[in-house]
Amino acid sequence: MEVGVLPVELWQLIFSYLRLPDLGRCSLVCRAWSELVLSLDRTRWRQLCLGCLQHRHPNWPNQPGVEPPSWREAFKQHYLASKTWTKTTPDVDSSNCLSLFRRRKGRRRLCVGAGGEFGSLRAALAAASPYDRLVLLPGVHEEQSEVLLKVPVEVVGEGALGDVALLASIDQHCPTARLCNVVLMPARFTPLLYKTTSGYVQFDNCNFESGQLQVHAPGTCQVKFCTFSQSSIHLRSVALCILEHCEFTGSENASVTVEGCPSTDRNWACRQLAVLAKSCTMSMWEPDPAGCPVAKWGGWGESQLGPVRTCEIVVGEERSSFFSAADAQVLVGSAQGDTESGENLRVAEEEEEYPALDSNSSDSDLRSDDEEDAQATYKLPCQAHSLSHTLADITDSRLQSNRLHTLQRDLKLKSLQQELQEDKEAQSLASSLQGCIIRQCLFRDGKGGIFIYSRGQAKVEGSIFRNLTYAVRCIQSSKVTMLRNDIHHCKASGIFLRLSAGGLIADNTIHSNCEAGVDIRKGANPLVLCNKIHSGLRSGIVVVGNGKGIIRSNQIYGNKEAGIYILYNGNPAVSGNHIFQGLAAGIAVNENGRGQIAGNIICENQWGGVDIRHGGDPVLRNNLISCGYSDGVVVGEHGKGLIEGNVIYGNKGCGVWMMSSSLPHLLNNQISHNSIYGVAVFCHKDDAGDYPLGQGGSESFQEEREGVGGDNDPDSEEEYLTARRPISVALVELNSINHNGAAGLHVKSSEALNVIANIIHGNGDGGVAVLQSSQLTRLANNNISCNGQGGVLVEADCQVELRGNGIYENSSHGIVSKGEGVIAENDIIGNHRCGLQLLEAADMKVTKNRIQSFRDYGIALFDEAKGLVQENLIFQGRSKKSILQPISNAQDCIIQNNVLLTFKKRFDVECMLINPPARPHLEGGAHVSCAAAAGQRVSSITTRVDGGCHNHRSIFCTIL
């Protein structure tokens, strides 16, 4: 009949009543009928697929409510897979005419059971020919001894799944076999349900109850749409096998055990399975980096966060937008007011006597209508120093904005597709087809999911693991590839790797586990890429006991402890991750942990963005550490590490908090807009510093603790040493410390400290406050300018050396010192009060400085101050004052060979800081722009939380 004779809808109705063979014949009639057959996908093809007792829903067991893209294609794949067991010989080339005369295998149908031809399976097997179909009639079929399968047959249960139960132990000794629609239960004498050591076995739509399936190389298997209830699969050295769409529940041990290196001795089925595996390879969809869903699972382990937030990033805001009135009350460390006595005073190197100046008088006492003009006349140009380009950068809001865009582009999360294109090792692991391939399976409510050991290999795709003790355990040089799985609510770690295990863990969602989401120990070295690891009751990722690994492009958020926890010589490479909204530290490095931590965004964590303690010694480079509710970086007791090129911005506490017993090297960081200090150094021990070790639970770090002294990887050690230069004193070098709420650098230390070539600019309190320093604190070649109070404050009993610094235009005195030490070769210019004040029992050697104060004394000595003041160049300000000294301490304080310069016209001023030019001076190419080198990663982030000072104590991560 012509298609056009009837409406299309009527043709579709007619075709919907046809059986499968008739549909096939009709599709061959003409193109129009072929298209009609294809159009029945959501109707007739769906009925055929769901109505076949040997098949289940194509998306069972994980998504039985989601329809496949094509029901016809799903039905086709079911059918083709069911015929795999018969393809024991290679297909004859279709061009060979002999294929026309190939004989079909004569297959018989033998019925077993009540009313059938045979009373038992054993009797039917004795009479069966190769490739016969043995139909088990409804009922219970029990064998009293082991059944040997010597001829290839197909065993199929009749009726619905569950109508046929087979209580037997089967040992396969033939090349191939298939079991379908049968409930397999163990015989009384053994828990072993089925075993093959050489042939191929295929299970479709079967139930395994309380027993074990064993496959030994060169044997192999394909298991599809099966349920394992308190049952397991043990694979030994299997070259290739496939488990698809299976459900594993109630296991007492691992549901799937993979043992041994894949055998090179392969049977006939490996080629067929490889073709099937490639044809069913799951497409790598590209996840949305911005979408970070929180756990929706009810009960314990539920996410303790609200909706996931991101930082608001703004450039060029005024200070008022960052600090509230409460914030202003906690700015600490300002210099004490001057207390000049009313005694007789004399001015060195001047005949005219000046009356004593009230130290508490305000700057307004000297102001006049033409003050601005006078300031312009007396102002010394000091911009041409070695750090001037960097200083210009941090005050240029447009440049900051450009760098922000560069930062966002450089630190954007990569998709798995991008990672695979750039990383050939990851690409090779993702495409590998060796060992056990597990796809679209469900593991739930048992002890273990998958256990891989003794150089075994497994690939797990699109599976769900929930309510287990652990999801995957991979040890002893084994490899696991995990792609797009969902792992949650495990009672221990989600994925556990140890003893030189490796592989690829990519694009998984790992959340709400009792221990770490991923646990890497004892030389394990996996690739961990593009995962979402969140809402864990402990840490997101733990790297312990010489564990390594590459951890890249992951979203790690909302975990109760550190997002990444590194300890006991753990040494991973951590890069390109977004670690945010953790309830503790973003990254914690402890107990001699190390690691290369580079290019991460670490923000909005409750405690330190990065917390380093107890011998932790990482390389922390080019990260954005921002918007934390505590300090940006914490270097606790005996912490070490190279902290280089990071942007540490907008944190509620300090930018960097250090204990004096630590030995970090801060190099080239941008530390700005933090609520309290830019960098703080304290000598006391934190009350919370003594925290118990270990993650708790069933997994402890006792073995790793005992093995800390073990050998490290020599290659890794060499790489590590070349990444840094050794230091013996804590070093703060080439950083830009600007616009922080309190002092730029706050020192209360019992150990030596070197502060070299930093820009300390525009901070809310003083530039540098040295409140305690029993050993030498050395400040050299720094630019300290435009801070809200004085430039440098040195309290009593502190030992300091200030050399080669440029101290410019601070809102109070340039330097106030009550301590001991040396102030030499500094430029102290344009500060709003005195250039240099020596108070109380100060004992300083002040030599070869260039000093100018517009409205006050260049140098003022009070109380019992003593020392040596010589060979200084003092520029005359508007007040005509140079050096103020009480007569009472004239014998203890030697003032000699100082030079006072006056000028009569503006041209003279421009030449006064030329030989040598304005300080600081940096030799050679050492004056790397810290704002630019910080990766052109400078940004202004204004997501803030109000709060107060923490009484000189770090708001840091306590890792229980």
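Parameters and conventions
Residues numbered from 1 in each chain as written. Predicted model: local features only at pLDDT ≥ 70, side-chain atom pairs only at ≥ 80, totals over all residues. Heavy atoms only, no water. Helix = DSSP H or I, 4+ residues; strand = E, 2+ residues; numbered from the N terminus. Buried < 20%, exposed > 50% of the residue type's maximum accessible area, 1.4 Å probe, protein only. Contact = heavy atoms within 4.5 Å. Pairing = 2+ DSSP bridges. Salt bridge = Lys/Arg side-chain N within 4 Å of Asp/Glu carboxyl O. Axes fitted to C-alpha atoms, helices over the stretch in contact; angles between N-to-C directions. Nonpolar A, V, L, I, M, F, W, Y, C, P; charged D, E, K, R; others polar. Patch = residues over 30% accessible without salt bridge, like charges linked within 9 Å, V, L, I, M, F, W, Y side chains within 5 Å. Areas by Shrake-Rupley, 256 points an atom, 1.4 Å probe, with all protein chains shown as cover. Lys, Arg positive; Asp, Glu negative; His and termini not counted. Charge placed at Lys NZ, Arg CZ, Asp CG, Glu CD.

- Identification of the protein chain as F-box only protein 10 from Limosa lapponica baueri is taken from an unreviewed UniProt entry.

Here we look at the overall build of the protein chain
- When helices and strands are tallied, the protein chain shows 17 helices and 74 strands.
- Per-residue burial for the protein chain yields a buried fraction of 58% across its 960 residues.
- Here the contacts in the protein chain between residues at least 6 apart in sequence split such that 56% fall between residues at least 24 apart.

Regarding the pairing of strand β65 (residues 827–831)
- Burial analysis of β65 places four of its five residues in the buried class, which makes it a mostly covered element.
- In this structure, strand β62 (residues 806–808) lies alongside β65, joined through three bridges in parallel fashion. Looking at β65, one finds that Y808 is bridged to I829.
- Pairing of β65 with strand β68 (residues 850–853), which is carried by four bridges, proceeds in the parallel orientation. Each bridged residue has a counterpart across the sheet, and for I828 the counterpart in β68 is I851.

Concerning the pattern of salt bridges
- Within the structure shown, the criterion is met by 32 salt bridges.
- Among the ionic pairs, E244 bridges to K224, the shortest N-O distance being 3.9 Å. Of this pair, E244 sits in strand β17 (residues 240–244) while K224 sits in strand β14 (residues 220–224), and the two are 20 residues apart along the sequence. Both residues of the pair, E244 and K224, count as buried.

What to know about the packing of helix α2 (residues 20–27) against helix α3 (residues 31–38)
- Their axes nearest at 7 Å, the elements α2 and α3 cross at an angle of 140 degrees. Contacts between α2 and α3 involve L23, C26 and S27 from the first element and W33, S34 and V37 from the second.
- A class-by-class count of the residues in the contact of α2 with α3 yields four nonpolar, two polar and no charged.

Structural notes on a negative patch on the surface
- A surface patch of negative charge is lined by D797, E820, D843, E864 and D892.
- Mapped onto the elements of the fold, E820 is located in strand β64 (residues 820–824).
- Residue E820 is classed as partly exposed on the basis of its relative accessible area, which comes to 41%.

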